[in-house]
Amino acid sequence: MGRINLLSKEISELIAAGEVIDRPSSVIKELLENAIDSGANVITVEIKNGGRTYMRITDNGCGISFEDVPKAFVRHATSKISQKCDLDRIMTLGFRGEALASVCAVAKVDVITKCPENDYGTHYRICGAQEEAHEQSGCPDGTTIIVRDIFYNVPARLKFLKKDVTEGNAIAAIVNKIALSHPEISLKFVRDNKTELLTAGDGKLYSAIYSVFGKDFASSLIPVDYSNNGVKVTGYTVKPLSAKANHAFQNFFINRRYVKSLTCMHAIDEAYANILMTGKVAACVLMIDLPPDIVDVNVHPTKIEVRFSNEKLIYDSVYFAIKNALLNEDKESDMDITPAVTRNFTEQQLHPMFKDEKAQQISISFSDTPSNPQPAVRPVQPIVEQVVVKAKEEQYSTDCELNNRAVIQVPHKESDAMPQQEPVKSPRDIQTEALFEAENESASSQFKYIDKSSFVKKELSVQPQPQQPAETVIPTIIGELFKTYIIVEAEGCMYLIDKHAAHERFIFEKIKEDVKNLDCQMLLEPHIVQLSFDEYDAICENLDKAEEIGFMIEPDVAPTVAVKGVPLIISELNPSDVVCEIAENFKHFKVNPQLDVFDELFHSVACKAAIKANDNTSDAELKVIVKAVFNNPKIRYCPHGRPVVIKLTKADIEKQFRRIV
Ligand code: ADP
Ligand code: MG
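Residues numbered from 1 in each chain as written. Chains lettered and ligands numbered in written order. Predicted model: local features only at pLDDT ≥ 70, side-chain atom pairs only at ≥ 80, totals over all residues. Heavy atoms only, no water.

Glancing now at the nonpolar core. Counting 96 residues, the largest nonpolar core has Ile28 and Phe73 as its most contacted members. A total of 10 residues in this core trace back to one element, the largest contributor, which is helix α10 (residues 311-327). Per-domain counts for this core show at least three residues from each of domain 1 (9-198) and domain 2 (220-330). When neighbours within four sequence positions are excluded, phenylalanine 73 is seen to be in contact with Leu100, Ala101, Cys104, Val109, Val111, Tyr124 and Ile126. Listed in part, the 52 residues of the second largest apolar core include Phe551, Val578, Val605 and Val645. (Core = buried A, V, L, I, M, F, W, Y, C linked by side-chain atoms within 4.5 Å. Buried < 20%, exposed > 50% of the residue type's maximum accessible area, 1.4 Å probe, protein only. Helix = DSSP H or I, 4+ residues; strand = E, 2+ residues; numbered from the N terminus. Domains from an automatic or database assignment. Contact = heavy atoms within 4.5 Å.)

It is worth spelling out the site of ligand 1 at this point. Looking at ligand 1, there are 19 residues lining it, with Asn34, Thr78, Ser79, Lys80 and Gly97 nearest. Within the side chain of threonine 78, one N or O atom sits 2.5 Å away from an oxygen atom of ligand 1. A majority-of-atoms criterion places ligand 1 in the second largest pocket. Per-class residue counts for the shell around ligand 1 are 7 nonpolar, 8 polar and 4 charged. (Near = heavy atom within 4 Å. Polar contact = N/O pair within 3.5 Å; in protein donor to acceptor, adjacent residues only side chain to side chain. 1 Å grid on protein atoms, 1.4 Å probe; cavity = no way out; pocket = protein on both sides within 12 Å on 5 of 7 lines; lining within 4 Å. Sits in = over half its atoms within 2 Å of the grid points. Nonpolar A, V, L, I, M, F, W, Y, C, P; charged D, E, K, R; others polar.)

Here the second largest pocket defines a volume of roughly 730 Å³. Along its surface, the second largest pocket is lined by 31 residues, and Asn34, Ala72, Ser79, Lys80 and Leu100 are the ones closest to its centre. Only α2 (24-37), β2 (54-59), α3 (69-72), α4 (99-106) and β6 (142-148) provide two or more residues apiece to the lining of the second largest pocket. It is α2 that provides the largest number of residues to the lining of the second largest pocket, a total of 5 residues. Split into classes, the residues belonging to the lining of the second largest pocket amount to 13 nonpolar, 9 polar and 9 charged. (Points joined across faces, edges and corners; volume = space filled by probe spheres on them.)

Our focus in this paragraph is the state of the cysteines. Following the criterion strictly, the structure yields 0 disulfides and no others. Cysteine 264 takes part in no disulfide bond, and the closest cysteine sulfur, belonging to cysteine 284, lies 8.4 Å away. For cysteine 264, a relative accessible area of 0% puts it in the buried group. (Disulfide = S-S within 2.5 Å.)

Attention now moves to the pattern of salt bridges. A complete count under the given rule lists 21 salt bridges for this structure. A salt bridge links arginine 52 to aspartate 164, with the shortest nitrogen-to-oxygen separation between them at 2.9 Å. Placement of the pair is arginine 52 in the loop between β1 (42-48) and β2 and aspartate 164 in helix α6 (residues 164-181), with a sequence separation of 112 residues. With a shortest N-O distance of 3.3 Å, aspartate 68 and lysine 71 are connected by a salt bridge. Among the residues examined, lysine 71 registers a relative accessible area of 52% and is labelled exposed. Within the structure, one salt-bridge network assembled from shared partners comprises Asp110, Arg125 and Arg148. (Salt bridge = Lys/Arg side-chain N within 4 Å of Asp/Glu carboxyl O.)

This part covers the sheet that holds strand β21 (residues 552-555). Taken together, 3 strands build an open sheet; the order of strands is β20-β22-β21 and the sheet is antiparallel. The open sheet is flanked by β20 (520-530) and β21, the only strands paired with a single partner. Adjacent strand axes in the sheet meet at a mean angle of 15 degrees, parallel and antiparallel pairs treated alike. The pairing of β20 with strand β22 (residues 560-567) spans 7 bridges and is classified as antiparallel. Bridged to glutamine 530 within β22 is threonine 560. Contacting β20, β21 and β22, helix α19 (residues 575-587) runs over the sheet at an angle of about 75 degrees to β20. (Pairing = 2+ DSSP bridges. Axes fitted to C-alpha atoms, helices over the stretch in contact; angles between N-to-C directions.)

Below, the discussion takes up the environment of phenylalanine 95. Structurally, phenylalanine 95 is set in the loop between α3 and α4. Distance from phenylalanine 95 to lysine 80, taken between C-alpha atoms, is 5.5 Å for residues 15 residues apart in sequence.

Strand order in the open sheet formed by 5 strands is β9-β10-β13-β11-β12, and the pairing between neighbours is mixed. The strands lining the two open edges of the sheet, one partner per strand, are β9 (221-228) and β12 (257-259). The mean inter-strand angle of the sheet, taken between neighbouring strand axes irrespective of direction, is 20 degrees. As judged from the 8 bridges shared by β9 and strand β10 (residues 231-238), these two strands associate in the antiparallel manner. Following the sheet pairing, serine 227 is matched in β10 by lysine 232. Taken strand by strand, α6 contacts β11 (250-254), β12 and β13 (284-289), and its axis lies near 60 degrees from that of β11.

Closest axis-to-axis distance for the helix α1 (residues 9-20)/α4 pair is 8 Å, and the angle between their directions is 115 degrees. The angle between α1 and α4 falls in the class roughly perpendicular. Here the hand of the crossing between α1 and α4 comes out left-handed. When α1 is examined against α4, the residues Glu13, Leu14, Ala16, Ala17 and Val20 are found in contact with a partner set consisting of Ala101, Ser102, Ala105 and Val106. The class makeup of the residues in the contact of α1 with α4 is 7 nonpolar, 1 polar and 1 charged. (Parallel < 35°, antiparallel > 145°, perpendicular 65-115°, else oblique. Left-handed = near helix turned anticlockwise from the far one by under 90°.)

In contact at an axis separation of 8 Å, α6 and helix α7 (residues 205-213) are set at 160 degrees when each is read in the N-to-C sense. For the element pair α6 / α7, the angle class is roughly antiparallel. Two packed elements cross with a definite hand, and for α6 against α7 that hand is right-handed. Together, Asn176, Ala179 and Leu180 of α6 and Leu205, Ala208, Ile209, Val212 and Phe213 of α7 make up the contact between the two elements. Among the residues making up the contact of α6 with α7, the classes are represented as 7 nonpolar, 1 polar and no charged.

Most of strand β4 (residues 121-127) is tucked away, with 6 of its 7 residues classed as buried. As defined by bridge partners, strand β3 (residues 108-114) adjoins β4 across 6 bridges and the pair is classed as antiparallel. Bridge assignment links lysine 108 to a residue of β4, and that residue is cysteine 127. Adjacent in sequence and paired antiparallel, β3 and β4 are bridged by 6 residues. Direction of pairing for β4 relative to strand β5 (residues 130-137): antiparallel, over a ladder of 7 bridges. Within the sheet, the bridge partner assigned to cysteine 127 lies in β5 and is glutamine 130. The hairpin formed by β4 and β5 contains 2 residues between the paired strands, and glycine 128 there has a positive phi angle of roughly 50 degrees.

Turning to helix α17 (residues 533-541), a few remarks are in order. Along α17, the residues classified as buried are Glu535, Tyr536, Ala538 and Ile539. Buried residues in α17, looked at end-on, bunch into an arc of 165 degrees, giving them a common side. Counted as exposed and oriented over 90 degrees from the buried face of α17: Phe533 and Glu541. On its buried face, α17 is in contact with α18 (543-548), β21, β22 and α19. (Arc of directions from axis to C-beta.)

The grouping of Leu7, Ile11 and Ile15 at the surface amounts to a nonpolar patch, some 290 Å² of accessible area in total. Following the sequence through the fold, isoleucine 11 ends up in helix α1. (Patch = residues over 30% accessible without salt bridge, like charges linked within 9 Å, V, L, I, M, F, W, Y side chains within 5 Å. Areas by Shrake-Rupley, 256 points an atom, 1.4 Å probe, with all protein chains shown as cover.)

Next up, the structure:
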């Protein structure tokens, strides 16, 4: 006798329902999405006992006609698509025609609905997929769906429900996401007779964020607005000093649909690299709008995960959107020290102070400051190499005095032809040289770290800014406080600059700049590294990029690669570990795929080489620090996320002295 049974409709319905509805919050998600698709602009969600006994959703949308109501509860019945090609251009939240069928299979459902064009409405009742009532009824336009006693007929599922408060919180989280993604809808959430959320429905994302997360969170945000090859990224991201302890505050919406996206998460993490305090992560509410044909929402029954036809495009769009916003952050923040025109991010306007020699003047209040500070400027590259080498030496041989140590020469591509013996330098020499290199920097080299071709220029082409005359900020150095903070006056404001933090960031940026030309240390024998197939593919597609950062890698039998060379500065590390890490970085489309260990090394180099609090610092050195801070928007946080500069306006000070109220 055969062993295969055809399952009854009842059992197959329950199995199918289990995919879509696993707890009360999934009912709310589906019904809210239906309400939005119905064109409603006022929606109320009410729940009791964590949604276990009672959930009601009321909308003022298009309603369902008398004859359509029973059809709506049949699996794969939908008004949103009708043919195969519709799947490639889905702009509604629902399209699978499964939600109502799944809900009614596991609960007792009442529907009261009326289309505005009809004189009467409909009352429909269906319990465990069995129709119990279908009658005409007087009711307002729109649809109300009441779901009672979820899983009353699936005791196994009921057992897995958590405490009412936990289930209620899961529902609140869903309602919050919908409120954020649809600020044009006034959304009300009532839990056990208490209103917990009411959004204005004024179409402004900021109002929705304010209602959902409160005033403190809303005021810690900076706007994001960026377009890249048909992908538009708008919304808000957090100021670095207000970052959160976990990823819970990262909200991504693709075409107004809340999604969990590792690609977006990795992109935002990379954009905030080296500006957050340890243990902090970014928060954001980002709307990513893109043509529906480059995103596949049909990969997950609840559509929480999506797939992109070009993940790298999405990664880059999010990364550069955030980088842009962070550079623009100065506008409203306490660190607003760049002249107004530098905020507009056109090529000409980025750093007028660097372009316009006349504008570079900084007035110094010390009488004996030389107008042209000494010592003479040295070429940048060898100094950075030495800084790196010195720090490495310091890491591995702490018993030597840095001042007396011989400097190891690191061969460099450009300097190979003319090897030169550098004199031994003290840390102080390095500090001073690194400082005075600032004088030699051009505006373009200051900004190399951001991929300008896909960042500034694209921004330019999308949002051309009107030409404005160059403004200048002429900071006056008032003095030094506690041998730690430089007091500066400019444009009616007082600034306190942490000299160590500023200098540390300055050196860090410079080393990162030079890391692009890292030398490769050839290994005596190739090192065979086993990767996952994903990682293998990612590294094989990026062999040239790996070479740029000092790795000589050749594909071997998949999924192994032969590592023939590694960057000199990390040659002591295990090649397997570092190659796995860069493979992982390529897999996640990182814009800067260098190893995290580089950053750690550079942090430590920058920290050691930078001027310290309590050091005696010459007026000329203070001047260069101030100039660097005022000219380079990257110098706002030290590499560990501490702020570099604090601003107090004249009005702030006058308020303290009660000169103004
Ligand atoms: P889907 O949303 O994938 O189309 P559902 O099972 O969620 O499938 O809904 C089935 C159909 O019922 C929808 O296509 C829509 O026509 C109708 N419907 C459901 N909810 C509402 C509502 N609140 N207002 C108007 N029509 C609705
Ligand atoms: Mg639906």
